[in-house]
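Examination of the molecular architecture
Residues per chain are reported as follows:
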Amino acid sequence: MVIKHKNIFKTESAWSNADEKLLCLDTGSWRTERPVLDKEKCNYCGLCALYCPPQCMKDMGDYFEADLAFCKGCGICATECPRKAITMVPEGEFADEG
Amino acid sequence: MKAKKGQVRVITGNAVGAYGAMVCRPEVVAAYPITPQSEIAELLSQFKADGVLDAEYVEVEGENSAMNVVLAASIAGARVFTATSSYGLVFMYDALQETSGFRAPVVMVNANRETPGIHAVSSGQQDMISARDTGWVQIVVENDQEILDQTIMAYRLAEDYDIQLPVMVNYDGFYLSYLAEAVEIPNIEDVDEFLAPLKQQPERQKLVPGVSIGCGTHGMEMGYVEARYKHCMALERVKNKVDEIDKAFGDYFGRSYGGQIEEYRTEGAEIIVLASGSAAGTVRTVVDTKREEGVKVGMVKLRLFRPFPAERLIKALKGKKAIGVIDRSLCFGWKYGPICMELKTLAVNIGAIPILSYIDGLANLDINVPHIERVIDEVNAAAQGKPYQEVTWIPMEE
């Protein structure tokens, strides 16, 4: 057997850099709703980031914001936010952004 | 080198499993009690309470958690141990696959017992057989001493940098779990020295606090293919490694078991009985009797079940005239027993000889001397060209 494949992983098991490679799927394209943050209500508690399944909430210093390239639109952040600072808005309302 | 001597104690197979783990100094242990393995979970807990075992003992609410705990501890770099049986093994089915997929060198002993469907609190290899496609290394042992020795060897195998795979050491529940035999327990310092070569190897990747790395994800398309390819190649490497470690163990402790398979009186033998587990002990004595009667019979004991020791089996069985395979489990969807079914895939290499499948010893029924005599007589007749029955459920014909 002639192997033409160039290894993706340096390790035997599938270890990767969680800051980059873990976010490797185009999960943003799955989204039908996106989280919109009311910064006035947000007190930077970080629960949204803890609960986010693809772990795509970016720490902006005094609030968190979903990385829309990976946000699947599941709405868990909006459900978990104790201050109701996140609202899920249908993607259709952002249609002009493509 | 003079073989290292230990302390001889008369203890049960389960106690041996616990001592086997203890002398390897696991750092994290999580096990949930289940018949016939419970004594291991209890004893390890006792060792910890007595201060003999310096490990984190995590009490879990079930076997699925037990496997997930040791998996997580293992990828964080700890040496880990767990033990289970039957329903417990089934209950950790997803976690078994996570563990091997993460290439975590977990060592587990499994006291073989029948599986769910018909509630049989009794011996049988069905649990081990049902877990054969989980990517684990699976080894079957014959007696109490071998449980201990193989558990030590399992660490040397699992944690080897070229292997990095979880290893399951299987022994017959009830038969061995509650059987007390004289067992030589090596000094813990000698075990340290036997396992020391692992320290000379490169360090495997581990979780590190503050470093954002992850394992097991990023597996779409070629990431998946590559990880699975590496896993399968590592399983192939296990075969020779098992032989090497068995030899090294023999040199150091004075006991060895043949590695992937044990060949007993196969030289000059025309027919072979292939067996595994505690039944191999009975087969050995019947082979001796039959040899005295002039029957040219030998035994091959299957020790390594996953990966399947194809090359060693071909070498041992090529040129023989007929083979009888005793399975203590079933292969649903095939009429042969599972080990027989797998052996049959090697028929093209072994030669077109009769391979007779025997199902025996299910649900605590004994694979006894008359049964094995019958197997040898029938295989011998088949070798001489007489007609034979392909599959025999021995207890159903009694």
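Nothing here was measured: the structure is a model prediction, and the numbers come from that model.

**Describing the interface of chain B and chain A**
Tallying the contact residues gives 23 residues for chain B and 20 residues for chain A. Between chain B and chain A, roughly 2000 Å² of surface is buried when both sides are summed, and carbon and sulfur atoms account for 62% of that area. Taken together, the links from chain B to chain A amount to two salt bridges. For A:Glu12, the salt bridge is made with B:Arg237, and the minimal N-O distance between the two is 3.6 Å. Where chain B packs against chain A, one counts seven residue pairs in polar contact (both at pLDDT 80 or more). If one sorts the elements of the side of chain B that touches chain A by residue count, helix α9 (residues 222-253) of chain B sits on top with seven residues. Here the side of chain B that touches chain A is composed, by residue class, of nine nonpolar, nine polar and five charged. In this sheet, strand β9 (residues 213-215) of chain B lies alongside strand β1 (residues 15-17) of chain A in antiparallel orientation, the contact comprising three bridges. Among the inter-strand pairings, A:Ser16 is bridged to a residue of β9(B), identified as B:Gly214.

**Some details on the side chain of B:Ser74**
By the secondary structure assignment, B:Ser74 is in helix α3 (residues 63-75). The contact partners of B:Ser74, leaving out residues within four places of it in the chain, are B:Val80, B:Ala104, B:Pro105, B:Val106 and B:Arg204.

**Points about the packing of helix α10 (residues 279-292) of chain B against helix α14 (residues 369-383) of chain B**
All names here are of chain B. As a packed pair, α10 and α14 sit with axes 10 Å apart at the nearest point and diverge in direction by 55°. Judged by the angle between their axes, α10 and α14 are oblique. In the crossing of α10 with α14, the sense of the turn from one axis to the other is right-handed. Contacts from Thr282, Val283, Val286, Val287 and Lys290 of α10 reach α14 at Val369, Ile372, Glu373, Ile376 and Asp377. Among the residues forming the contact of α10 with α14, the class breakdown is six nonpolar, one polar and three charged.

Reading the values: the criteria
Residues numbered from 1 in each chain as written. Chains lettered and ligands numbered in written order. Predicted model: local features only at pLDDT ≥ 70, side-chain atom pairs only at ≥ 80, totals over all residues. Heavy atoms only, no water. Contact = heavy atoms within 4.5 Å. Buried area = accessible area lost by both parts, 1.4 Å probe. Salt bridge = Lys/Arg side-chain N within 4 Å of Asp/Glu carboxyl O. Polar contact = N/O pair within 3.5 Å; in protein donor to acceptor, adjacent residues only side chain to side chain. Helix = DSSP H or I, 4+ residues; strand = E, 2+ residues; numbered from the N terminus. Nonpolar A, V, L, I, M, F, W, Y, C, P; charged D, E, K, R; others polar. Pairing = 2+ DSSP bridges. Axes fitted to C-alpha atoms, helices over the stretch in contact; angles between N-to-C directions. Parallel < 35°, antiparallel > 145°, perpendicular 65-115°, else oblique. Left-handed = near helix turned anticlockwise from the far one by under 90°.

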